[in-house]
Each structure stands twice: as structure tokens, then as C-alpha cells.
Amino acid sequence: MRKQRRRRSRALVGAVAATAALGVAGCGVFGGSSAAPDGGRTRAARTVQVWDRSPASIAAVGDSITRGFDACTVLSDCPEVSWATGTSEQVDSLAVRLLGRAKAADHSWNYAETGARMADLSGQLADAAVRRPQLVTVMVGANDACRTSVRAMTSVAAFRTQFEEALGTLRTSLPRTQVYVASVPNLKRLWSEGRTNPLGKQVWKLGICPSMLSGADDLTSAATLRRDKVQQRVEDYNKVLEEVCAKDRRCRFDGGAVYAYRFGTDQLSHWDWFHPSTDGQSKLAAIAYRAVTAKDPVD
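Analysis parameters
- Going along each chain's sequence as written, the residues are numbered from 1 onward.
- Confidence filtering applies because this is a predicted model: local features only for residues at pLDDT of at least 70, side-chain atom pairs given and counted only at 80 or more, and all residues used for totals across whole chains, interfaces and linings.
- Water and hydrogen atoms play no part in the side-chain values, which are based on all heavy atoms of the structure.
- In what follows, salt bridge is the name for a side-chain nitrogen of Lys or Arg lying within 4 Å of a carboxyl oxygen of Asp or Glu.
- For each residue, the accessible area found with a 1.4 Å probe, counting protein chains only, is set against the maximum for its type, and the residue is called buried under 20%, exposed over 50%, and partly exposed in between.
- Think of it this way: any DSSP run of H or I at least four residues long counts as a helix, any run of E at least two long counts as a strand, and we number them from the N terminus.
- Polar contacts, as used here, are pairs of N or O atoms within 3.5 Å; protein pairs need one atom able to donate a hydrogen and one able to accept it. Residues neighboring in sequence count only if both atoms are side-chain atoms.
- The pairing criterion for strands is at least two bridges between them, as found by DSSP.
- The criterion for a disulfide is a pair of cysteine sulfur atoms lying within 2.5 Å.
- Per-residue confidence from the predictor is reported as pLDDT, which spans 0 to 100.
- Note on definitions: a residue-residue contact is assigned when non-hydrogen atoms from the two residues lie within 4.5 Å.
- Helix axes are fitted to C-alpha atoms over the stretch in contact, other axes to C-alpha atoms as well, and angles between N-to-C directions run from 0 to 180 degrees.
- Orientation labels follow simple angle bins: below 35 degrees gives roughly parallel, above 145 gives roughly antiparallel, 65 to 115 gives roughly perpendicular, and whatever is left gives oblique.
- For any pair of crossing helices, the crossing counts as left-handed if the nearer helix is rotated counterclockwise from the farther one by less than a right angle, and right-handed if it is rotated clockwise.
- Residues are grouped as follows: Ala, Val, Leu, Ile, Met, Phe, Trp, Tyr, Cys and Pro are nonpolar; Asp, Glu, Lys and Arg are charged; every other residue, Gly included, is polar.

**Q** Help me understand the pattern of salt bridges in this model?
**A** Where charged atoms of side chains with opposite charge meet at close range, the side chains can pair. Applying the stated criterion to the full structure yields 9 salt bridges. One salt bridge in this structure joins Asp-92 and Arg-101, with 2.9 Å as the shortest N-O distance. When its relative accessible area of 30% is taken as the criterion, Asp-92 is described as partly exposed. Of the charged contacts in the structure, one is a salt bridge between Arg-189 and Glu-193, with a shortest N-O distance of 3.6 Å. Of the two residues, Arg-189 and Glu-193 are both situated in helix α7 (residues 187–194); the distance of 4 residues between them amounts to about one turn of the helix. One continuous salt-bridge network, built from bridges that share partners, spans Arg-195, Lys-201 and Asp-217.

What follows is the structure, given as C-alpha cells:
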């Protein structure tokens with residue numbers, strides 16, 4: 001894809017969609033004491049919920065999915081329909097659902113960039129930290145798997161290191177800011193659904209996610225193995241996101257909800273049959289809202 005903003009050359013992927021999701025967050029426990037009738041002392045443990053289900057400000061980081069790429073017009077970002085911070089009534093973004101439409105306009109910010117990979121996350125979080133948001137949303141990783149070849153994909157080890165460094169960057173300046181982390185979309189389902197459309201397959205030939213989508217109708221063992229390797233890498237990335245997030249008590253992973261959502265072509269952009277459509281963005285917003293406002297996270 002062409003480059004938009006600073007990275008339009010790295011066309012992004014986005015699968016789509018929505019369903020329910022919860023994340024992974026922690027609770028701190030401390031004890032309190034009181035006198036027992038027999039003069040002994042008992043310790044009553046109290047659970048402190050560190051997750052605020054109604055944050056007052058939101059910053060979004062990530063890739064073209066969060067920028068609403070190809071949702072409105074061809075080869076263009078459309079942040080007004082972003083699942084995270086958009087203003088469109090068709091989407092009801094996470095920011096609108098949490099803050100209300102009027103407040104969302106002044107208390108949500110989108111620092112995502114089309115074409116971004118995990119290596120770019122630290123810089124985006126550093127920029128977002130200036131706003132001192134109470135919640136940061138993260139959706140990144142599809143571009144790490146959507147490369148020119150299987151060999152060119154970001155290694156799992158590098159992906160982990162980059163994510164840990166990115167969260168460390170945020171924690172240096174904002175130790176109490178909450179983080180919602182969305183899983184990487186199911187790229188193999190994207191291939192399976194999109195290849196049913198002749199136009200979509202023609203668009204893919206322009207170079208969209210070749211590691212997964214090249215030779216869309218090629219069902220040879222070699223092509224199948226290639227797609228399986230990409231899919232395994234996405235699953236490995238999601239495991240990393242879950243494990244690293246679990247170590248931070250103010251981080252919630254979506255429990256794999258974005259990856260597990262069984263989206264169809266209605267949730268795909270009809271410009272490229274790849275990025276989320278407006279309906280797809282709405283589904284992503286619903287997933288995020290359920291995760292952020294859930295009383296308890298899911299494993």
C-alpha cells in the first residue's frame with residue numbers, strides 16, 4: 001500500500017470485528033486487623049480494585065485499524081470512524097461510549113499511524129503520555145505478521161521485547177494510566193472470507209499482506225503451510241500480549257476476543273477487503289467497551 005502519514009508504505013492489515021471481550025488486570029490485596037472476642041487478633045483481607053471502569057480521558061495508539069484506514073475513502077485514514085476515538089454515530093467509539101459525545105471530542109486523542117508495527121509503539125506511547133490520559137488503547141501487531149514473506153515477519157522474541165519496552169516507556173511517566181490491549185486479528189479468517197470476493201482478490205494482488213494473502217486461490221501444500229506459519233505467528237503474538245499485559249496490574253488484554261470474532265465481508269472495507277469497514281469498527285468498539293467496563297477481566 002502507499003504511505004500515509006509517516007508510514008503509508010507499509011500497508012496494514014486489519015481484520016475486523018467484534019464480539020465480547022474482557023481483559024487481564026490485577027487487584028492488590030492488603031490486610032486490616034480487628035480485635036476478636038477472645039482477645040486474639042484476626043486479619044481481614046480487603047481487595048483493592050485498581051481498575052477504573054470509567055476513565056475520564058483516552059489516548060489510542062496502534063496501526064491503520066485504529067486510524068480507520070480505507071473505511072471511508074480509498075487509501076485514506078478516516079479517524080472519525082476509529083473504534084477507539086472516532087466521533088461517528090455509526091460507530092459509537094470507545095471514547096464516545098465512555099465519555100459521552102461532547103466530552104470525547106476534547107478528552108480523546110489518536111496517535112495511531114497507518115503502517116505501524118510493534119517497534120513503533122514506544123514512540124507513540126511517548127507522544128500520548130504528554131496528554132496524561134487515564135486510559136490508553138493498544139491495537140498493533142498485524143503489520144508484524146503481514147510482511148513480504150514469512151521470513152520477514154517480526155520474531156516472537158523481538159515482538160515481546162518491543163512490547164515490554166513500550167509499556168516501560170509509558171510507565172516511566174504515567175505509572176497509573178490504564179492500558180487496554182486488543183488481540184491481533186485472525187488473518188487466516190481474513191483470507192478465507194475475503195477470497196470469496198473477486199474484486200477483493202484483485203486488490204490483494206497489489207501487495208496487501210502478501211505473507212498471508214498472496215496467491216489467494218493457491219491451495220497447494222506449500223501455500224497452505226505458508227498461511228499456517230503466519231497464523232501461528234499471530235497466535236504467538238497474542239500470547240505475548242497476554243503474558244506481558246498480565247504482569248501489569250493496570251493492563252487488560254481482551255482475552256483474545258478480536259482474534260476470535262467471526263467476522264464476515266460486511267465488516268471488511270469494500271475498498272480493499274482487508275481493513276475494517278465502518279461496521280467492523282463498530283464491532284471493535286463494542287469489544288473494547290465490554291473489556292474496559294467489565295467488573296472482572298477474563299483469562
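This is not the end of the story, as more comes after the structure.
**Q** Is there a simple way to think about the environment of Arg-67 in this case?
**A** In this fold, Arg-67 is placed in helix α1 (residues 64–67). Arg-67 gets classed as buried once you look at its relative accessible area, which sits at 10%. Reaching out from Arg-67, the side chain makes a polar contact with the side chain of Asp-77 at a distance of 3.3 Å.

**Q** Could you clarify how one ought to interpret unusual backbone geometry in this entry?
**A** It is generally the case that most residues other than glycine have a negative phi and that most peptide bonds are trans. The phi dihedral of Leu-75 falls on the positive side, at around 55°, and the residue is not glycine. Relative to the helices and strands, Leu-75 resides in the loop between α1 and α2 (94–99). Under the relative-accessibility criterion, Leu-75 is labelled partly exposed at 22%. One non-glycine residue, Arg-132, adopts positive backbone phi at about 55°.

**Q** Explain the pairing of strand β3 (residues 58–62) here, please?
**A** Regular strands place their side chains on alternate faces of the sheet. Counting buried positions along β3 gives 5 out of 5 residues, so the element sits mostly inside the fold. Burial along β3 is two-sided: the face carrying Ile-58, Ala-60 and Gly-62 and the face carrying Ala-59 and Val-61 are both buried. Here β3 runs beside strand β4 (residues 108–110); their pairing, made up of 3 bridges, is parallel. Looking across to β4, one finds that Ala-60 is bridged to Asn-110.

**Q** I keep staring at the state of the cysteines and nothing clicks. Help me out?
**A** Simply put, disulfide is the name for a covalent bond between the sulfur atoms of two cysteines. Here the structure, examined in full by the defined rule, presents 3 disulfides. Cysteine pairing in the protein chain follows 1-2, 3-4, 5-6, where each cysteine in a disulfide is numbered by its order in the sequence.

**Q** Before we go on, may I ask you to explain the confidence of the model for the protein chain in this structure?
**A** Any residue range with low pLDDT should be treated as having predicted coordinates unsuitable for detailed reading. The predicted model of the protein chain has a mean per-residue pLDDT of 87, with 83% of residues at 70 or higher. In this model residues 1–47 is a low-confidence stretch, pLDDT under 50, and it forms 166 contacts with partners more than four residues away in sequence or in other chains.

**Q** Even after reading the chapter, I still don't get the sheet that holds β3, so can you show me in this structure?
**A** Sheet strands line up and pair through hydrogen bonds in the backbone, either parallel or antiparallel. If you trace the 5 strands from one edge of the open sheet to the other, you get β4-β3-β5-β6-β7, paired in parallel fashion. In this open sheet, the two strands that pair with only one neighbour each are β4 and β7 (251–253). In this sheet, neighbouring strand axes are inclined to one another by 15° on average, regardless of whether the strands run parallel or antiparallel. Both β3 and strand β5 (residues 135–139) contribute to a ladder of 5 bridges, which runs parallel. The residue of β5 that forms the bridge with Ala-59 is Val-136.

**Q** Please explain the environment of Ala-142 as it appears in this structure.
**A** Here Ala-142 lies in helix α5 (residues 142–145). Exposure remark for Ala-142: the relative accessible area of 1% places this residue in the buried category. Separated by 78 residues in sequence, Ala-142 and Ser-64 place their C-alpha atoms 9.6 Å apart.

**Q** Help me understand the packing of helix α6 (residues 156–173) against helix α10 (residues 221–246), please; the structure alone is not making it clear to me.
**A** Describing two packed helices takes the angle between their axes plus the distance from one axis to the other. At a closest axis distance of 10 Å, the pairing of α6 and α10 adopts a crossing angle of 30°. On the basis of the axis angle, α6 is roughly parallel to α10. For the pair α6 and α10, the crossing hand works out as right-handed. Only Arg-233, Asp-236, Tyr-237, Val-240, Leu-241, Glu-243, Val-244 and Cys-245 of α10 make contact with α6, whose side of the interface consists of Val-156, Phe-159, Arg-160, Phe-163, Glu-164 and Leu-167. Among the residues forming the contact of α6 with α10, the class breakdown is 9 nonpolar, no polar and 5 charged.

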